[in-house]
Amino acid sequence: MSNARALTALTKTLKPLDGYALALGDDALISSHRLSEWLTYAPDLEEEVALANIALDQLGQARHLLGFAGRSSGLSEDELAYQRVDREYRNSLLAELPNGDFAHTILRLFFFSTYQRLLYAGLTASADGELAAFAAKAAVEVGYHHEYAVSWTLRLGDGTEESHDRAAAALAELWPYTAELFAVDEDVAALAAEGLVPDPESLAGPWSEQVGTVLAQATLGTAPSGTWRPSGGRAGLHTEALGYLLAEMQSVHRAHPGATW
Amino acid sequence: MTGDLYDLWEVFVRARRGLSHQHVGSLHAPDAEVALRRARDLYTRRGEGVSIWVVPSGAVSASDPGEKEPYFTPARDKDYRYPTYYELPKEVRGL
Amino acid sequence: MTTISESRFDALLAADERIEPRDEMPEAYRATLIRQIAQHAHSEIIGMQPEGNWLTRAPSLRRKAILLAKVQDEAGHGLYLYAAAETLGVSRTELLDALHTGRQRYSSIFNYPTLTWADVGAIGWLVDGAAIVNQIPLTRCSFGPYARAMVRICQEESFHQRQGYESLHTLARGTEGQRAMAQDAVDRWWWPSLMMFGPPDATSTHSSRSTEWKIKRHSNDELRQRFVDLCVPQAEILGLTLPDADLRWNEQTGHYDYGEIDWAEFKAVLDGDGPCNRQRIERRTQAHRDGQWVRDAAAAYQAKHGQTPAARGTEGTDR
């Protein structure tokens, strides 16, 4: 069956719009996976339910996007999720970093949902009708994720001394990874020129402004300085953390070649 | 009783437009904003509502169930409050 | 407790009316309910762990979504039940503390490990199946808040058992490895599932008074028999064997006879010596400890920003 397929070659030759959808789908899939790791560890029972809701929204988005990405090449969502190796994954590095403490998870979700809200809002204007319709639904979902993340960013930043310090540490650690969200490669530039996707660079300004306002209100000060801006996720160059995540995620699926579930 | 860090809130959900809000349960939250969000996550994850109210449990004043007699019995014997109390000519329509 | 209010309580029970939180009730009734509802709530919360163990390894995205939704429901159900217990004048903090320190129990089924992916299916079919048989009569239990919580839980759980059965059915018809995995899971979960109904009627200490109070409507053995009768034909359709050589149809009783349950094992697990008792409580208490600074932060923020508790709504106060 599909095991024999050289997926590397297939995903390398995906049409640009499919490759773009795959990258967004990978962002959603990996984020969902990280959030699902919180279950049974959340700081409050009510928070178990909330985090699972967001993880489920993201997983739903991932399935839609992977389905879209693989359709014209005849690849299913599960083939894409379970049979690609690390180097074929296109998610941003921010999505795959280990969870850390609750402050790390919240800050990441805050950065990410602020980005996704702008991205999906832009994508609703896509010349591709299916992507536009998907974006309209996803925009509503990430709107709520954003509200959730802002609410906790404020409470952690402006809560106790300990929560403030933890939030500040998370901010310092995660900030460098946010630049990658707005990087443009040749494919994306061409898609943006055709009106199929929003220009990532155009999202950077509004993102910085919105993030800055909340960080100030949360008494977390301004964005950290520094020139280290790791990237490479979109090209399959990941952190060491992704390998472990995928090894775990794919273990059962790969142990039973050709099986259906 | 060892107190909880967070207050208890009562949750009311309007299932759809045209219906009144109904009590569905309670939850713990540090403030109204979080209570509202948690109510959304907990009590409407299968699309059970279009609107939510949260009310601090402590703000609810309740009648004493032992007072059932004085509180609720007088309402029963005033049958002139019910439409079937009145005898009208059989031929009349639209009443 | 005066004679008058006791007789009022008895009259409500006799009329099959619900007892509500502000009604006067015998202290023993209150204590029994707190114990039972708390144990039920704890079971939901601890029950998240064995299945949560497979969240990151679910072998398809569809199964991953189903499992996430199911484990999430269990957290929600724990919350509904804690809230029902709280109407009896006990706090969530006290209840969690009783769980963490071992003063209150949870269903011993969750002290068994989930060793393969098929265990997720077996838990859905057998453990949730047994829970449903136990819970449906509780929707008519005499205490209103508990009965209402159970109505909501039973509605939501209707998918839990079906997804498990569907998963096992797929495995049983899959590759040789999948089929072996499914049979192994059923072999391991069958007997512990039968133990979920509690000790035999002859030795059950709580049953008789709970029946008088209409908290419990059927005996342990009655419910266990109902479960066995349901499962045997379901297992045949799966093409899987239930691990009991004595299991056979009895023409005279119109039920399936089943073999001897290992009550020594049940007692050992209940008393803390199951394979996972320690891990389950350690995980739960660790999550609670690790979350303290987060809960403190939200409380501090509320204090700082002086939001006095007030009613809030998503659409103002329109009626």
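Please read these numbers as outputs of a predicted model, since none were measured by experiment. (Residues numbered from 1 in each chain as written. Chains lettered and ligands numbered in written order. Predicted model: local features only at pLDDT ≥ 70, side-chain atom pairs only at ≥ 80, totals over all residues. Heavy atoms only, no water.)

### Side note on the pattern of salt bridges
Rule in force here: A pair is scored as a salt bridge if a Lys or Arg side-chain nitrogen falls within 4 Å of a carboxyl oxygen belonging to Asp or Glu. Labels follow the DSSP assignment, with helices taken as runs of H or I lasting at least four residues and strands as runs of E lasting at least two, numbered in each case from the N terminus. Exposure is judged per residue with a 1.4 Å probe applied to protein chains only, and the accessible area is read against the type maximum: over 50% gives exposed, under 20% gives buried, and values in between give partly exposed.
Inspection of every chain in the model, using the stated rule, returns 41 salt bridges over all chains. For the salt bridge of R155 of chain A with E33 of chain B, the shortest nitrogen-to-oxygen distance reads 3.5 Å. Of this pair, R155 of chain A sits in helix α7 (residues 129-157) while E33 of chain B sits in helix α1 (residues 32-43), which puts the two residues in different chains. For E33 of chain B, a relative accessible area of 31% corresponds to the partly exposed category. In this structure, R103 of chain C and D97 of chain C form a salt bridge, with 3.0 Å as the shortest nitrogen-oxygen distance. Judged by relative accessible area, R103 of chain C falls into the exposed class, the value being 56%. By relative accessible area, D97 of chain C is classed as partly exposed at 38%. It is possible to trace a salt-bridge network through shared partners that takes in D44, E46 and E47 of chain A, R37 and R38 of chain B together with R92 of chain C.

### Quick look at the nonpolar core
To be explicit about the condition: To define a nonpolar core, start from buried Ala, Val, Leu, Ile, Met, Phe, Trp, Tyr and Cys residues and group those joined through side-chain atoms within 4.5 Å. The contact definition used throughout considers only heavy atoms, calling two residues in contact when any of these lie within 4.5 Å.
Residues F102, F111, Y120 and L156 of chain A together with W117, W125 and F143 of chain C are the most contacted members of the largest nonpolar core, which totals 193 residues. For Y120 of chain A, the residues in contact, after removing those within four places along its chain, are L24, Q61, L65, F134, A135, A138, A139 and V142 of chain A.

### What about empty space enclosed by the protein?
If a probe the size of a water molecule is rolled over the atoms, the empty space left behind becomes visible. Keep this limit in mind: As defined here, a cavity is a set of points on a 1 Å grid over the protein atoms alone where a 1.4 Å probe fits but cannot get out. A pocket is an open set with protein on both sides within 12 Å along at least five of seven lines, and residues line them when an atom is within 4 Å of a point. Grid points are joined across faces, edges and corners, and a volume is the space filled by probe spheres set on the points. Three categories are distinguished: nonpolar for Ala, Val, Leu, Ile, Met, Phe, Trp, Tyr, Cys and Pro, charged for Asp, Glu, Lys and Arg, and polar for the others, with Gly belonging to the last.
Here the structure, examined in full by the defined rule, presents two cavities of 30 Å³ or more. Each pocket or cavity is described by its volume, and for the largest cavity that value is around 80 Å³. Elements with a minimum of two residues in the lining of the largest cavity: α2 (16-36) and α6 (102-123) of chain A. Considering every element that reaches the lining of the largest cavity, the biggest residue donor is α6 of chain A, with four residues. Among the residues making up the lining of the largest cavity, the classes are represented as four nonpolar, three polar and two charged. Lining the second largest cavity, in full, are T40, L45 and E48 of chain A together with I45, M48, Q49 and R284 of chain C.

### Examining the interface of chain C and chain A
To keep it simple, the criterion reads: The quantity reported as buried area is the accessible area (1.4 Å probe) lost by two parts once they are put together, taken as the sum for both.
Each side of the interface is counted separately: chain C has 45 residues, and chain A has 48 residues. Here chain C and chain A share an interface that buries about 4200 Å² over both sides, 67% of which is from carbon and sulfur atoms. Of all residues in chain C, the largest losses of buried area upon contact with chain A belong to L61, W293 and Y301 of chain C, amounting jointly to 19% of the total for that side. Counting across the interface, chain C meets chain A through two salt bridges. Elements with a minimum of two residues in the side of chain C that touches chain A: α3 (48-52), α4 (61-86), α7 (144-172), α8 (176-195), α12 (277-290) and α13 (292-304) of chain C. Broken down by element, the residue count for the side of chain C that touches chain A peaks at 13 residues, all from α4 of chain C.

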